[in-house]
Amino acid sequence: MNFYSLNKQAPKASFKDAVIKGIAPDRGLYFPQRITPLPTSFFDGIEDLSHQEIAFNAIHQFVSDDIPNEKLREILTNVLDFDFPVVEIESNVATLELFHGPTMAFKDVGARFMANCLGYFSKESTNEVTVLVATSGDTGGAVANGFLGVEGVNVVILYPSGKVSDIQERQLTTLGQNITALEVDGTFDDCQKMVKTAFLDEELLQNMQLTSANSINVARWLPQLFYFLFAYKQVKSQGKEIVFSVPSGNFGNICAGLVAQKLGMPVKHFVASTNVNDTVPEFMKTGKYLPKPSTATISNAMDVGDPSNFIRIRHLFADNFQALTEQLSSFAFTDEQTREAMKTIYSSSRYITDPHGAVGYLGLKKYQETNPEVYGIFLETAHPVKFLDVVEATIPEKLAIPSQIQRVMGKTKKSIRIKTYEDLKKFLFN
């Protein structure tokens with residue numbers, strides 16, 4: 001299968017080329033040429049399939065031209081070696097826990113899949129690839145962990161100084177080897193702008209092979225559809241219509257869920273839950289897309305004012321606003337509402353959410369006000385310990401530190417401070 005640019009001014013690319021380039025020459029995001037629904041029998045018998053078998057069937061059509069079946073199965077075995085449990089916390093409300101991987105964030109799946117793919121492709125080439133990625137929190141740690149030690153690949157991570165949690169920062173600044181962290185004097189939007197500028201810089205591109213590990217990269221974005229299918233497998237026996245509420249920042253995660261729906265997964269609706277960075281909730285009200293500077297919140301991974309992947313969502317629905325609103329709702333919530341939700345969930349069920357999961361819960365409850373009979377699943381995208389200060393200041397409990405986090409707590413942070421794109425360019429050249 002080929003992938004085409006959503007700007008439609010670039011040649012089609014294979015999966016391999018789309019992964020290595022990251023973004024198309026015309027600066028558009030790559031999108032699969034087609035999405036062929038899986039047979040009904042796949043969903044009828046999904047409860048009898050392993051995670052690896054589900055993932056193989058779901059991703060095969062997109063990658064099979066470039067990755068042999070045996071290698072794909074090996075990659076999926078490497079990627080999917082942890083659990084994705086659905087935990088019910090009240091009647092018709094459950095959470096899908098996506099924090100059981102090595103960096104305790106949902107981005108472990110996409111980052112590891114991309115790293116395995118790029119590692120496989122790099123064996124066929126003598127050219128080094130530089131992975132350039134901006135992070136608002138969890139992407140950096142997941143990418144750093146996924147690519148650590150991959151031959152032929154250097155990773156450069158840009159993150160906003162003082163705007164990620166201490167644990168998130170340690171996960172991306174303490175590994176060394178082929179991983180370098182650049183601490184940017186600015187916001188996530190500034191980091192993302194620098195990365196996008198680098199991909200437009202012909203002088204850079206003539207001297208090095210750059211690719212992105214943000215969810216703009218198809219190998220980071222598409223595998224996120226797996227865990228929607230894993231959740232469906234677990235709750236299918238409920239016999240109820242299913243709604244997913246997804247904490248949304250750059251909108252890659254919920255876009256992957258919508259692709260799972262296009263593959264035939266039975267689901268009634270999706271809710272994109274955001275913090276006060278409400279560009280998409282406002283679009284869903286007005287039909288006008290008006291990006292704005294991001295605002296810092298306690299759910300920092302969602303502090304995005306111009307989400308890159310929303311164009312993919314619009315494309316999935318042929319930019320038909322009415323069709324989109326039938327499948328997607330979007331609501332925004334303040335830090336105060338987020339803290340109250342964390343308290344409410346803990347008080348009623350003793351379940352501890354991180355701030356992002358709490359925003360997902362709020363969006364689900366908002367949707368259930370007018371659709372009370374649906375079975376709602378909100379995504380818990382990171383372990384609450386990654387936001388230790390916020391969580392322990394909100395609920396009366398001391399969190400135990402999991403082994404994945406303990407491994408980075410005593411390590412020394414190493415980062416390079418930069419302020420401007422010219423600083424980034426100078427570093428890359430050196």
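Quantities reported herein were computed from a predicted structural model and do not represent experimental measurements.

**Description of the state of the cysteines**
What the rule picks out here adds up to zero disulfides. Looking at C117, it has no disulfide partner, and the nearest cysteine sulfur is the one in C255, 18 Å off. A relative accessible area of 0% means that C117 is categorised as buried. The class of C255 is buried, set by a relative accessible area of 0%.

**A few points about the pattern of salt bridges**
Tallied over the entire structure, the rule returns 16 salt bridges. The partner of D166 in a salt bridge is R170, and the shortest N-O contact between them spans 3.1 Å. Here the residue D166 and the residue R170 both occupy positions in helix α7 (residues 166-173), the gap between them amounting to four residues, near one helical turn. For D166, a relative accessible area of 41% translates into the label partly exposed. Close ionic contact of D278 with K292 constitutes a salt bridge, the shortest N to O distance being 2.5 Å.

**Some points on the UniProt feature "domain: Threonine synthase N-terminal" (unreviewed entry) in the protein chain**
The positions UniProt marks with the feature "domain: Threonine synthase N-terminal" (unreviewed entry) are residues 3-77. Here residues 3-77 runs as 45% helix and 11% strand, with 25 Å between its end C-alpha atoms.

**A closer look at the sheet that holds strand β1 (residues 2-5)**
Taking strand neighbours across the sheet as the criterion, the three strands line up as β2-β1-β3 in an open arrangement whose pairing is antiparallel. Two strands in the sheet have a free side with no partner beyond their single neighbour: β2 (13-14) and β3 (30-32). Sheet analysis places β1 next to β3, joined by three bridges and oriented antiparallel. In the strand pairing of β3, Y4 is matched with F31.

**Looking at empty space enclosed by the protein**
All chains considered together, the criterion is met by three cavities of 30 Å³ or more. Space inside the largest cavity adds up to approximately 270 Å³. Taken together, 26 residues line the largest cavity, and the ones lying closest to its centre are F106, K107, G249, N250 and A301. For the lining of the largest cavity, the elements supplying multiple residues, two or more each, are α6 (138-147), β10 (242-247) and α12 (252-262). Considering each element in turn, the lining of the largest cavity owes the most residues, three residues, to α12. Of the residues belonging to the lining of the largest cavity, the class tally is 10 nonpolar, 13 polar and three charged. It is helix α8 (residues 188-198) that provides the largest number of residues to the lining of the second largest cavity, a total of three residues. For the lining of the second largest cavity, a count of residues per class yields three nonpolar, four polar and one charged.

**Quick notes on the side chain of D66**
Checked against the element boundaries, D66 lands in the loop between α3 (51-63) and α4 (69-79). K16 provides the closest opposite charge to the buried, salt-bridge-free D66, at an N-O distance of 6.3 Å. Within polar-contact distance, the side chain of D66 engages the backbone nitrogen of K16 at 3.4 Å.

**Considerations on the sheet that holds strand β8 (residues 179-184)**
Taken in spatial order, the five strands line up as β9-β6-β7-β8-β14 in an open sheet, and their pairing is parallel. One side of each edge strand has no neighbouring strand; the edge strands of this open sheet are β9 (209-212) and β14 (416-418). In this sheet, adjacent strand axes meet at a mean angle of 30° when their direction is disregarded. In this structure, strand β6 (residues 129-134) lies alongside β9, joined through four bridges in parallel fashion. Bridging across to β9, V131 finds its partner in T211.

**Notes on the packing of aromatic side chains**
Inspection of every chain in the model, using the stated rule, returns 22 aromatic pairs. Taking the centre distance of 6.3 Å and the plane angle of 75° together, the rings of F43 and Y232 count as edge-to-face. You can see F43 sitting in helix α2 (residues 40-44) and its partner Y232 sitting in helix α11 (residues 226-235), a full 189 residues away along the chain. Just as F43 is buried, Y232 falls in that class too. Seen in terms of ring centroids, F82 and F84 are 4.8 Å apart; in terms of plane orientation they differ by 40°. Their pairing is tilted. Accessibility expressed as a relative area gives 10% for F82, which makes it buried. Among the residues examined, F84 registers a relative accessible area of 2% and is labelled buried. Taken together through their ring pairs, the aromatic side chains of F82, F84, F113, F226, Y227, F228, F230, F244 and F270 make up a single cluster.

**Quick notes on helix α20 (residues 421-429)**
Among all positions of α20, only Y421, L424, K425 and L428 are buried. Axial view of α20: buried residues confined to an arc of 95°, hence all on one face. Exposed residues pointing more than 90 degrees away from the buried face of α20 are listed as E422 and K426. In this fold, the buried residues of α20 make contact with β6, β7 (153-160), β8, α8, α9 (202-207) and β14.

**Quick look at α6**
Counting buried positions along α6 yields nine of 10 residues, so the element is predominantly enclosed. All buried positions along α6 are accounted for by D138, T139, G140, G141, A142, V143, A144, G146 and F147. Buried residues in α6 make contact with α5 (107-122), β6, β7, α7, β8 and α10 (218-221).

Analysis parameters
- Residues numbered from 1 in each chain as written.
- Predicted model: local features only at pLDDT ≥ 70, side-chain atom pairs only at ≥ 80, totals over all residues.
- Heavy atoms only, no water.
- Disulfide = S-S within 2.5 Å.
- Buried < 20%, exposed > 50% of the residue type's maximum accessible area, 1.4 Å probe, protein only.
- Salt bridge = Lys/Arg side-chain N within 4 Å of Asp/Glu carboxyl O.
- Helix = DSSP H or I, 4+ residues; strand = E, 2+ residues; numbered from the N terminus.
- UniProt positions renumbered as here; feature names shortened; annotations may be inferred.
- Pairing = 2+ DSSP bridges.
- 1 Å grid on protein atoms, 1.4 Å probe; cavity = no way out; pocket = protein on both sides within 12 Å on 5 of 7 lines; lining within 4 Å.
- Points joined across faces, edges and corners; volume = space filled by probe spheres on them.
- Nonpolar A, V, L, I, M, F, W, Y, C, P; charged D, E, K, R; others polar.
- Lys, Arg positive; Asp, Glu negative; His and termini not counted.
- Polar contact = N/O pair within 3.5 Å; in protein donor to acceptor, adjacent residues only side chain to side chain.
- Axes fitted to C-alpha atoms, helices over the stretch in contact; angles between N-to-C directions.
- Phe/Tyr/Trp six-rings, centres within 6.5 Å; stacked < 30°, edge-to-face > 60°.
- Arc of directions from axis to C-beta.
- Contact = heavy atoms within 4.5 Å.

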